[in-house]
Amino acid sequence: MTESKKLLVTGGAGFIGSNTVSRLVDQNDVTVIDDLSNEPDDRFIRRFIGRGNFRFIKKDITKPRTFDGLGKFDLIIHLAANSDVKKGSENPDIDFKQNIVGTKNVLDFMKNGGCSELLFSSTSAVYGEAAVLPTPETYGPCMPISSYGASKLADEGMITAYSHYYGIRASIFRFANVVGINSTHGVIFDFINRLRADGSRLDILGDGTQAKSYIHVSDCVDAMLFLHSRSEKTDVFNLGNEKMTSVRKIADIVVEKLGLRNVRYEFVGGVDGRGWKGDVKKAQLDTSKVSALGWKNRHGSDAAVEKAVEENVVSR
Ligand SMILES: NC(=O)c1ccc[n+]([C@@H]2O[C@H](COP(=O)([O-])OP(=O)(O)OC[C@H]3O[C@@H](n4cnc5c(N)ncnc54)[C@H](O)[C@@H]3O)[C@@H](O)[C@H]2O)c1
């Protein structure tokens, strides 16, 4: 993005949101809406509060009047959601409310003139257990096996419909697993916490062969901005790396970066070798569409995991 813009970032106090804000706040006017439901506090964005070009609004986007009186924006980056797939598997209502109702309210704000450009954080979970790996954007039918993936697929449909009705231009990004600084959930976060508590053993959910493609958050944020600026219509993009990293390999990387030795791995509590019901065992995205548009990640899947482990070991 070259010229200064007025941006609204929903979920801007979270992991990807705070990295997005930090990438954009020097050159743009940034408003964050976040109810801090997934965060204990505003620690990731506190350093921006007080700047003239930054505004933090602590509100819940599932409430209908949240967007009243906010004015107009050049671009909305919509990240607020329940991002915890496991939590949704225990109570699908959470995905329905946070992800579907929340997105509908963002779209209604746009419909009423608040903005006509949208970046949306979807997920590889929309594909479910795809029969084609790496999975291209054109793969179908999409049959999610988690309410999280289902809620994001519903969001995608509402976004394309609102785009058609109301002239919104949206870029829908199906993220692989995003990793990096400020991450507060997911396998890396979990392994670091467990090993800090007991450096002699590590409980691994599932059988450790679950493998997914990982993308570093810095690549994820830059790719969204790059691709939206080169796209003329509402479109869908996979964002990830074609190679996969197994859960066992992640465990090895965390153990090594923490300087531990002889850690005993215990494979516990999984369902059919998966972490939990709704966990896709292998997720690999075809990234040829974004490559053809000129995007290239700086970090491959293993390198993204390594960098993220280093960042999270240092920051905590
Ligand atoms: N991290 C990943 O690997 C990944 C992968 C695929 C898609 N995504 C999507 O990217 C987006 C950002 O994910 P993240 O990893 O940064 O998650 P996160 O949980 O760190 O951030 C989400 C933020 O949204 C806020 N939020 C949740 N519900 C809200 C509501 N009703 N009103 C206002 N704020 C609310 C939370 O407090 C949190 O700060 C999410 O939509 C997630 O589904 C993430």
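The present account deals with the structure reproduced in this document. Bear in mind the structure is a predicted one, so any value in this text is a computation, not a measurement. Per chain, the residues get numbers from 1 upward, laid out in the order the sequence is written. Restriction of local features to residues with pLDDT of at least 70 applies here, the model being predicted, together with a cutoff of 80 or more for giving and counting side-chain atom pairs; totals for whole chains, interfaces and linings are based on all residues.

## Regarding unusual backbone geometry
Then comes step 1: For the peptide bond that leads from Leu133 to Pro134, omega is -10 degrees, which places it in the cis range.
Then comes step 2: Looking at the element boundaries, Pro134 is found in the loop between β5 (117–123) and α4 (147–166).
Then comes step 3: Between Gly140 and Pro141 the backbone carries a cis peptide bond, its omega angle lying at 0 degrees.
Then comes step 4: What counts as a helix is a DSSP run of H or I of at least four residues, what counts as a strand is a run of E of at least two, and both are numbered from the N terminus. One can find Pro141 in the loop between β5 and α4.
Then comes step 5: Here the phi dihedral of Leu36 falls at roughly 60 degrees; this positive angle occurs in a residue that is not glycine.

## Thoughts on the sheet that holds strand β4 (residues 75–78)
Then comes step 1: Between any two strands, pairing holds if DSSP finds at least two bridges. As summarised here, the arrangement of the seven strands in space is β3-β2-β1-β4-β5-β6-β11, forming an open sheet in which the pairing is parallel. Across the chains shown, the open sheet's two edge strands, defined by having one partner strand only, are β3 (54–57) and β11 (235–239). Neighbour-to-neighbour, the strand axes of this sheet turn through a mean angle of 20 degrees, independent of strand direction.
Then comes step 2: The sheet contacts of helix α3 (residues 92–114) involve β1 (6–10), β4 and β5, and relative to β4 the element is tilted by about 175 degrees. The convention used is that axes are lines fitted to C-alpha atoms, helices contributing only their stretch in contact, and that angles between N-to-C directions extend from 0 to 180 degrees. Whether two residues are in contact depends on their C-beta atoms, placed from the backbone: they are in contact if these lie within 7 Å.

## Quick notes on the pairing of β4
Then comes step 1: Neither face of β4 is open: one carries Leu75 and Ile77, the other Ile76 and His78, and all of them are buried.
Then comes step 2: Note: β1 against β4, four bridges, orientation parallel. Residue pairing in the sheet places Val9 in a bridge with Ile77 of β4.
Then comes step 3: Both β4 and β5 contribute to a ladder of three bridges, which runs parallel. To sort residues by burial, count the other C-beta atoms lying within 10 Å of each one's C-beta; a count of 20 or more means buried, 12 or fewer means exposed, and anything in between means partly exposed. C-beta atoms are built from the backbone.

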